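# Understanding the architecture of this molecule
What follows is the residue order along each chain.
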Amino acid sequence: MKNKGQSETKKRKADKNQVYVLQNRWKIGRRRLVYYGIRKEPFTFRNSVAVSRSAKKKLQKLDGVKTIGEIGLSRGLKRLIGQGIVVPKSEYRADVPNLNEAHFCRNCVANDYLIPGLELDENGLCPMCVKREKLKNLRAIMPAVESVAHNPKGEFDVAVFYTGGKDSSFLLYYLAKMNKCRVLSLTWETEYMSESARKSIENAKKALPEVTFLVQKIDKEIMARIYRKHFELAGNTCMCPAPAYVLFYPVLVEKRVPYLVLGNEPAQMHNLLFNNISPVFAFRPKWQAAGRFFFNLARILSLKKPLKGGQMQMYFTVRGLAEGVPWGKSNEGNYQNEQVRNVHAALSCAPELMKPLRASLKKSDRRALMPQFVHIDFNDVADGYRWKEIKALLKEKIGWVDSAEENKSLHTSCKIEKCKEYTQFMRFRRMESRTIPFSAVELALAVGDGNVPREEALREIERTTGFFGCPAEYAEMLKPLCSKEEGKGTEDGK
């Protein structure tokens, strides 16, 4: 495994006698060039570049044979050459073929095999590590809290989406035992729930009698329709936790639960930044407050009640699932959310499921009855969210059951997690999707945050992830897509 920094891109002048090409991992879109990777500073969050029609025509002529003089220089092409986006053919960087030949960040486990297009700086550091100090004061997109106040007007103080995994189990324990909250635990029972997660949920019911557990399933035929559409769009059936909102948002509104907290660890939250799903300013409390002020001003003018902190985030989350992402049809900008687009399209295949959600959203919108969507920073409340220590605590206190796979710590509640990793990796590598493999980014961030040692994260990558070939669980993922008549052929991967 190599550990090599890449030199800083310098402004360069075009040599008319050289053959130039578009650098690897850049793709020509309708109006922009899009980068499939993570760029180094100062371009880490600028992975999309506008191009004029004339520059686009020039780019399409870069065939690896003609010199730049034969093609003809334009102002736009000169700019792209100066930025190192268009390079001499000899400087073209092909994707590395395997993990052994990858360039690793010297501090964490980020590398340019699992994250094709990852750029390291001159010190051998990846953008996640370079940005760590600058981003350390960022909070979650949702308002961050350390405790939840007692709700004198209702049955519950807070609700949690509980999967039986490490993170949601810690959240459930923290709120119920350490904060003494009246917790409503909400579980969407999927066909992919791991056995360890099922056992963990049953043990938690015994260990936490003060918690109210609500478990619901979606009809198999309805989920088959949803899964087929999502598989068509995203290449996998991984949609958590979106259907949980569909099932439980009406419950939260009906029971007037004031807060909903997700069990996300810090690495999962910051993945939104490096996956270009959310801009940095959305994580800054003052920008969140300003956004809520102007949003509430518009609500007041339309005779709606203003929203509290966290209610605006809940509103946009549920509206995105119910109605889709309303702004912009292009997926070429610096920020994209193809996950929400894909999930909305898939859920729309089940109108009987979506109708109650839309009705509940409409009812809760005008009177501001939706719960506040808040975040608890595990690093803060656990004095550093070290995975080994958290697992030991949960096993002792609530009978949590670890994954059967040794060394696995990320996403332990799902038995087809490898399929998501495999399909995200393959689609991103082929530049068919802008989603950077979540696990590759999250493991790198977790190492940098001190939640897991580098050696353990490397073992997890090599032994328990789906990055190295189609996983055996792939057939399991395909089962819900098939009717009984089709089942055998699809299970065999035919």
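Residues numbered from 1 in each chain as written. Predicted model: local features only at pLDDT ≥ 70, side-chain atom pairs only at ≥ 80, totals over all residues. Heavy atoms only, no water.

### A word on empty space enclosed by the protein
Over the atoms, a rolled probe matching the size of one water molecule traces out where space is still vacant. On inspection of all chains with the given rule, the structure shows 2 cavities of 30 Å³ or more. Size it by volume and the largest cavity reaches roughly 80 Å³. Trp188, Glu189, Thr190, Glu191, Lys217, Ile218, Lys220, Met223 and Tyr227 together form the lining of the largest cavity. By volume, the second largest cavity amounts to about 40 Å³. Lining the second largest cavity, in full, are Tyr35, Tyr36, Gly37, Asn47, Asn275, Asn276, Gln336, Phe428, Arg434 and Ile436. Looking at the lining of the second largest cavity, its residues break down into 4 nonpolar, 5 polar and 1 charged. (1 Å grid on protein atoms, 1.4 Å probe; cavity = no way out; pocket = protein on both sides within 12 Å on 5 of 7 lines; lining within 4 Å. Points joined across faces, edges and corners; volume = space filled by probe spheres on them. Nonpolar A, V, L, I, M, F, W, Y, C, P; charged D, E, K, R; others polar.)

### Examining the sheet that holds strand β6 (residues 158–161)
Ordered in space as β8-β7-β6-β9-β10, the 5 strands form an open sheet in which the pairing is parallel. Both outer strands of the open sheet, β8 (212–216) and β10 (372–374), are each paired with one neighbouring strand and no more. Taken pair by pair, the neighbouring strands of this sheet meet at an average axis angle of 25°, ignoring direction. Where strand β9 (residues 259–261) and β10 come together, 3 bridges link them in parallel fashion. Residue pairing in the sheet places Tyr259 in a bridge with Gln372 of β10. Across the face of the sheet, helix α11 (residues 311–323) comes into contact with β9 and β10 while running at roughly 95° to β10. (Pairing = 2+ DSSP bridges. Helix = DSSP H or I, 4+ residues; strand = E, 2+ residues; numbered from the N terminus. Axes fitted to C-alpha atoms, helices over the stretch in contact; angles between N-to-C directions. Contact = heavy atoms within 4.5 Å.)

### Thoughts on the sheet that holds strand β2 (residues 26–28)
Consider a sheet: its strands pair through backbone hydrogen bonds, and that pairing is either parallel or antiparallel. Reading across from one edge, β2-β3-β4 is the order of the 3 strands in this open sheet, with antiparallel pairing throughout. Two strands lie at the open edges of the sheet, namely β2 and β4 (48–50), each paired on one side alone. In this sheet, neighbouring strand axes are inclined to one another by 20° on average, regardless of whether the strands run parallel or antiparallel. Of the strand pairs in this sheet, β2 and strand β3 (residues 32–35) are connected by 3 bridges, and their pairing is antiparallel. Residue pairing across strands places Trp26 opposite Tyr35, the latter belonging to β3.

### What about the side chain of Ser403?
The residue Ser403 is located in the loop between α15 (387–398) and α16 (417–429) in this model. Classification of Ser403 by relative accessible area gives buried; the value is 15%. (Buried < 20%, exposed > 50% of the residue type's maximum accessible area, 1.4 Å probe, protein only.)

### Considering the nonpolar core
Of all hydrophobic cores here, the largest spans 76 residues; its most connected members are Cys126, Met128, Leu175, Val183 and Phe274. Here Val183 is in contact with Phe156, Val158, Val160, Leu172, Leu175, Ala176, Val211 and Thr212, once residues within four sequence places are set aside. Counting residues in hydrophobic clusters, the runner-up holds 55 residues, among them Phe161, Ala322, Val343 and Met477. (Core = buried A, V, L, I, M, F, W, Y, C linked by side-chain atoms within 4.5 Å.)

### Let's talk about the pairing of strand β7 (residues 183–188)
The element β7 is largely enclosed, with a buried count of 6 among its 6 residues. A two-sided burial pattern is seen for β7, the buried positions comprising Val183, Ser185 and Thr187 on one face and Leu184, Leu186 and Trp188 on the other. As for the winding sense of the linkage, the β-α-β connection from β6 through helix α5 (residues 166–178) to β7 is right-handed. Bridging between β7 and β8 involves 5 bridges; their strand directions are parallel. (Right-handed = clockwise from strand over helix to strand, strands pointing away.)

### Section: the confidence of the model for the chain
Here the chain averages 89 in pLDDT, and 93% of its residues register 70 or above. Contacts from residues 3–9, a stretch scored under 50 in pLDDT, to residues over four places away or in other chains number 24 contacts. (pLDDT = per-residue confidence, 0-100.)

### A short note on unusual backbone geometry
The omega torsion of the bond from Glu41 to Pro42 falls at 5°, within 30 degrees of zero and hence cis. Positionally, Pro42 belongs in the loop between β3 and β4. Of the consecutive residues Cys240 and Pro241, the connecting peptide bond is found in the cis state with omega at 0°. As for its placement among the helices and strands, Pro241 is situated in the loop between α7 (220–234) and α8 (242–254). Backbone geometry places Leu303, a non-glycine residue, at a positive phi of 65°. The residue Leu303 is located in the loop between α10 (285–301) and α11 in this model. At Met431, a position not held by glycine, the phi torsion is positive, near 60°. Among the secondary structure elements, Met431 is positioned in the loop between α16 and α17 (438–449). Residue Met431 is classed as buried on the basis of its relative accessible area of 17%.

### Re a positive patch on the surface
A contiguous patch of positive charge on the surface is contributed by Lys153, Arg256, Lys305, Lys308, Lys363 and Arg367. By the element assignment, Arg256 lies in the loop between α8 and β9. On the basis of relative accessibility, which here comes to 45%, the residue Arg256 falls in the partly exposed class. (Patch = residues over 30% accessible without salt bridge, like charges linked within 9 Å, V, L, I, M, F, W, Y side chains within 5 Å. Areas by Shrake-Rupley, 256 points an atom, 1.4 Å probe, with all protein chains shown as cover. Salt bridge = Lys/Arg side-chain N within 4 Å of Asp/Glu carboxyl O. Lys, Arg positive; Asp, Glu negative; His and termini not counted. Charge placed at Lys NZ, Arg CZ, Asp CG, Glu CD.)

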